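Residue strings, one per chain:
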Amino acid sequence: MATDVERRPERETAPTRPRLRQERWWVPYAFLALLTIIFVLFYLWPAFNTVVSSFFEWGLANPWRIHDPSTWSFVGLDNYVENLTSARFWNAVVNTTIWLVVFPAMVLLLSLFISVAIWFLPRGGTAFRTAFILPMTISLAAAGVIWTFMYNPDFGVIPSFLRVINLEGAALDWGPIHLNAGQWLSNPGMIDFGLFQIRLVNLSLVVAGVWAFTGFGVITLTAGLTAISPELVEAAKADGARPLQIVRHVLVPSLRGSLVIVGTISFIFALRTFDIVWVVTQGGPATDSEVLAVLLYQQAFQFIGDAGLGTTVAVIMSIVLIAAAYPYLRGVIQEERH
């Protein structure tokens, strides 16, 4: 009598997983090829075009085309030399440096204070968090329009408040600091260091940028706070730590990664800032608030024959951006490897 095993037909064995992998070996390469094509066409090629065009003299009236030698007017490093020896370029560097120093510092401190304060609140944390995040949902151009009205000397909120407390038009001269209260976008004053001057109109614009960007820092640091183990905080409380000591010795060290992210993104934002400056002052009065991005735009698009100078500013800004982002990206890569 035949056994059940003998009567049972043999089933076709399913292909093993290694076999499936061998049959579809091309799938990951297809995805990588698509991304590589997009990266080359929309990033590497424009970047290469920009770098090469910075060595030529061209403008909107006489455009430069890499495939048309008849449009080439090679000047070598002349565009770089002209910018690097221009007082206007270094004025833009000083104004951009103000953004690079003040903006990330204000965003970090304000975001950390708000996030920690909300974290300690027993109730209403969501409402407060939403209030600080809302400005991030509007465009930077719209934020610039809002702060233009805020600073308006006739009906703006800030001048009206100074008028109520009898400080409108008050002048302060204290050493190198010269402040004119109420003229926030025209002539708020300066800090005179002798070799160079810091025009305080830049700080008026930085405040507007901080208002629009702080929501990003609040979101990032709040996410970092939720990842902190409650046992650490409870242990600190059991040891008699006060709230400030908990913040200093528990919360801030645990937020180191989040703080690096906020600081790096804020630095990049400050270097690229254009919208708020252009909408509020267009780099004025005169060139008091002109940053590198505004100078780039004016050279490339407003001055018909100086687009080559604008591309040199773009190249210089890109080098600074890469140098600033490199430590952060290197740290991320090392963390993934470990």
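Going by the structure above, here's the rest.
Now for a description of the structure that goes with this document. (Residues numbered from 1 in each chain as written. Predicted model: local features only at pLDDT ≥ 70, side-chain atom pairs only at ≥ 80, totals over all residues. Heavy atoms only, no water.)

This part is about the packing of helix α5 (residues 87–120) against helix α11 (residues 243–254). Think of two packed helices as two axes; the pair is described by the angle between the axes and how far apart they sit. One can describe the packing of α5 onto α11 by two numbers: an axis separation of 12 Å at closest approach and a directional angle of 115°. Relative to α11, α5 is oriented roughly perpendicular. Considering the relative orientation of α5 and α11, their crossing is right-handed. Contact residues: α5 offers Leu112, Val116, Trp119 and Phe120, while α11 offers Pro243, Val247, Leu251 and Val252. Counted by class, the contact of α5 with α11 contains eight nonpolar, no polar and no charged residues. (Axes fitted to C-alpha atoms, helices over the stretch in contact; angles between N-to-C directions. Helix = DSSP H or I, 4+ residues; strand = E, 2+ residues; numbered from the N terminus. Parallel < 35°, antiparallel > 145°, perpendicular 65-115°, else oblique. Left-handed = near helix turned anticlockwise from the far one by under 90°. Contact = heavy atoms within 4.5 Å. Nonpolar A, V, L, I, M, F, W, Y, C, P; charged D, E, K, R; others polar.)

Let's shift gears to unusual backbone geometry. Between glycine 284 and proline 285 the backbone carries a cis peptide bond, its omega angle lying at 0°. Secondary-structure assignment places proline 285 in the loop between α13 (275–280) and α14 (292–302). Phi at glutamine 282 is positive, roughly 55°, even though this residue is not glycine. Take glutamine 282: it is sitting in the loop between α13 and α14. At alanine 286, a residue that is not glycine, the phi angle is positive and equals roughly 55°. Along the polypeptide, alanine 286 turns up in the loop between α13 and α14.

Together, Leu34, Ile37, Ile38, Leu41 and Phe42 give the surface a local cluster of nonpolar side chains, amounting to about 540 Å² of exposed area. Within the fold, isoleucine 37 resides in helix α3 (residues 26–53). (Patch = residues over 30% accessible without salt bridge, like charges linked within 9 Å, V, L, I, M, F, W, Y side chains within 5 Å. Areas by Shrake-Rupley, 256 points an atom, 1.4 Å probe, with all protein chains shown as cover. Salt bridge = Lys/Arg side-chain N within 4 Å of Asp/Glu carboxyl O.)

So, on to the side chain of asparagine 95. Within the secondary structure layout, asparagine 95 lies in helix α5. When its relative accessible area of 1% is taken as the criterion, asparagine 95 is described as buried. Once residues within four sequence positions are removed from consideration, asparagine 95 is found in contact with Asn202, Thr287, Asp288, Ser289, Glu290 and Val291. (Buried < 20%, exposed > 50% of the residue type's maximum accessible area, 1.4 Å probe, protein only.)

Glancing now at the nonpolar core. Counting residues in each nonpolar core, the largest one holds 40 residues, and the members touching the most others are Trp99, Phe103 and Leu251. Sorting the residues of this core by element identifies α5, α7 (140–151), α9 (201–226), α10 (230–238), α11, α12 (256–272), α13 and α15 (307–337) as the ones contributing at least two each. Here this core gets seven residues from one element, more than from any other, and that element is α9. Judged by nonpolar contacts, the second largest core, of eight residues, contains Phe89, Val93, Leu295 and Met317. (Core = buried A, V, L, I, M, F, W, Y, C linked by side-chain atoms within 4.5 Å.)

The next thing to look at is the pattern of salt bridges. Considering all chains together, one arrives at two salt bridges under this definition. Notably, a salt bridge pairs aspartate 288 with arginine 199, separated by 3.7 Å at the nearest N-O pair. Taken together, the positions of aspartate 288 in the loop between α13 and α14 and arginine 199 in strand β4 (residues 197–199) put the pair 89 residues apart, joining distant regions of the chain. Arginine 199 gets classed as partly exposed once you look at its relative accessible area, which sits at 23%.

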